[in-house]
Every structure is written in structure tokens, then in C-alpha cells.
Amino acid sequence: MTLIAPSILSANFGKLAEEVILAEEAGVDMIHIDVMDGHFVPNITIGPLVIEAVRKATRLPLDVHLMITNPEKYISDFVKAGADCLTVHVEACVHLHRIVWQIKEHGIKVGISLNPATPLNTVEEILHEVDLLLIMSVNPGFGGQQFIPSSIDKIKRAKSMILKGGYRALVEVDGGVKLENAREIVNAGADILVMGSAFFGEKNYKEFMEKLEKELKL
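Fair warning: this is a prediction, and the values are worked out from it, not measured in the lab.

Novice: Mind showing me how you'd approach the overall build of the chain here?
Specialist: Tallying secondary structure elements over the chain gives eight helices and eight strands in all. Here the C-alpha atoms of the chain give a radius of gyration of 16 Å, agreeing with the 17 Å that 2.2 N^0.38 yields for 218 residues. The principal-axis extent of the C-alpha atoms belonging to the chain is close to 45 × 35 × 30 Å. Per-residue burial for the chain yields a buried fraction of 53% across its 218 residues.

Right, here's the structure in full:
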């Protein structure tokens with residue numbers, strides 16, 4: 001079953017709680033939260049306080065994507081704020097194994113993420129330890145970008161690596177995911193679709209989910 005995770009990066013922050021509630025009522029599976037520090041990526045977004053607010057607005061799992069340097073310094077803060085899964089970037093972690101276990105020790109799920117130009121072999125030695133492999137299908141930093149076509153092959157190879165190893169990790173895809181390409185991305189092996197502007201840019205979230213479910217035959 002494909003899981004849908006709308007990214008609040010594209011939501012109306014003036015009424016964020018309402019946006020999250022409407023997303024939950026529309027039938028999404030989790031809320032994706034992009035944390036950017038202006039250093040690892042060229043944008044600054046939100047911190048633990050906003051995650052706390054989102055946590056109060058929904059019972060859905062909070063899928064927190066840390067696009068930050070030195071994530072190990074902030075893990076406990078995001079866990080306390082209500083994150084159900086923390087995903088860190090391979091490129092931002094000098095000691096990835098240590099950070100993965102730091103997250104696991106808090107009793108929540110852990111994910112690892114790869115930028116478009118980062119090869120899959122960088123996660124071979126840690127893939128068996130994680131719950132989620134996030135494939136970035138745009139260069140991180142901004143919402144509304146176009147899906148990078150070569151990501152399809154990368155998703156296929158990622159899924160194959162997981163299946164051959166007998167690992168539990170789900171494949172999540174983030175960046176340029178739309179109604180028009182969702183089926184192709186799922187067919188390639190995606191288990192979770194992160195949708196930002198494609199979801200929150202719609203006037204009626206429930207109608208959009210119905211269209212998406214029909215497209216994916218969920």
C-alpha cells in the first residue's frame with residue numbers, strides 16, 4: 001500500500017493547524033515536515049516549536065526530514081517536540097551509524113536520505129539498520145521544483161537493494177511528485193510519496209486524495 005505524506009513546506013503557515021487537520025480529514029497517512037537550516041540547504045524553515053504545534057493538531061505520524069548540518073545536536077529536541085520518525089542526510093553526517101543509533105535509542109523510527117547526485121552505495125552498510133530510505137528527486141531547499149527524471153532508475157535500484165537484502169526499510173520519494181507522475185514513481189518502487197505543492201496547492205484536499213487514490217488504485 002502506498003502511503004501519502006503531504007509536506008507542510010507548501011502549506012499556508014497562517015493557518016497551519018487548520019491545514020494539517022484538513023489533510024488528516026482528507027485521508028493522508030502522515031505529515032511530512034521539512035527542517036532546513038540555511039546551511040546544508042539554501043533555505044531556512046522551521047524548528048521544534050512548529051513541530052510541537054503540529055503535534056497538537058493531529059494524531060498522524062510526523063515524518064520529520066532534517067536537512068541540516070550537525071543533526072546529532074538537535075535530535076533530542078525534535079523527539080521531544082513530537083517527531084515519530086527522524087530522517088537525516090547521508091551527506092550531512094560524518095558518523096552516520098552513530099547518529100542512526102542515537103535516533104533509535106529514543107524509540108522512534110529512523111530514516112536516511114540521499115540527494116540526487118549521491119550514489120546508493122553510500123548507504124549499503126547502514127540500510128539494514130533503518131526504517132526509511134528517502135530518495136530526493138529534486139535538489140533540496142525549495143518546494144515546487146520539477147521531478148528529476150533519472151530518479152526513477154534510482155528508485156528502482158533502491159527498492160531492489162532493499163528486497164535483495166531482506167531489509168524492512170520503506171522507500172520514500174520527495175520532490176516534484178504530482179498526480180501526473182505518481183503512478184510511475186510507485187511502479188518504480190516507492191512506498192511513500194511526499195507531496196508538497198501538488199497537495200497543498202489544491203483547493204479541496206479530499207477531492208485531490210480521491211483522484212490520487214483512483215490513479216494509484218489505493
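Novice: Is there a simple way to explain the side chain of Ser137 in this structure?
Specialist: Relative to the helices and strands, Ser137 resides in the loop between β6 (132–136) and α5 (151–165). Once residues within four sequence positions are removed from consideration, Ser137 is found in contact with Gln146, Phe147, Ile148, Ser151, Val173, Asp174 and Gly175.

Novice: So what exactly am I meant to see when it comes to the pattern of salt bridges here?
Specialist: Two side chains bearing opposite charge may form a pair once their charged atoms approach each other closely. Following the criterion strictly, the structure yields four salt bridges and no others. Here Asp153 and Arg157 are joined by a salt bridge, their closest N and O atoms 2.8 Å apart. You can see Asp153 and its partner Arg157 sitting in helix α5, four residues apart, about one turn around the helix. The exposure class of Asp153 is partly exposed, given its relative accessible area of 43%. Between Lys159 and Asp191 there is a salt bridge, with the nearest N and O atoms lying 2.9 Å from each other. Separated by 32 residues along the polypeptide, Lys159 in helix α5 and Asp191 in the loop between α6 (182–188) and β8 (192–195) bring together distant segments of the chain. Residue classification places Lys159 among the buried positions, given a relative accessible area of 19%. A relative accessible area of 14% means that Asp191 is categorised as buried.

Rules of the game
- Residues numbered from 1 in each chain as written.
- Predicted model: local features only at pLDDT ≥ 70, side-chain atom pairs only at ≥ 80, totals over all residues.
- Heavy atoms only, no water.
- Helix = DSSP H or I, 4+ residues; strand = E, 2+ residues; numbered from the N terminus.
- Rg over C-alpha atoms; globule rule 2.2 N^0.38 Å.
- Buried < 20%, exposed > 50% of the residue type's maximum accessible area, 1.4 Å probe, protein only.
- Contact = heavy atoms within 4.5 Å.
- Salt bridge = Lys/Arg side-chain N within 4 Å of Asp/Glu carboxyl O.

Without other data, these values stay purely geometric and don't point to any function.
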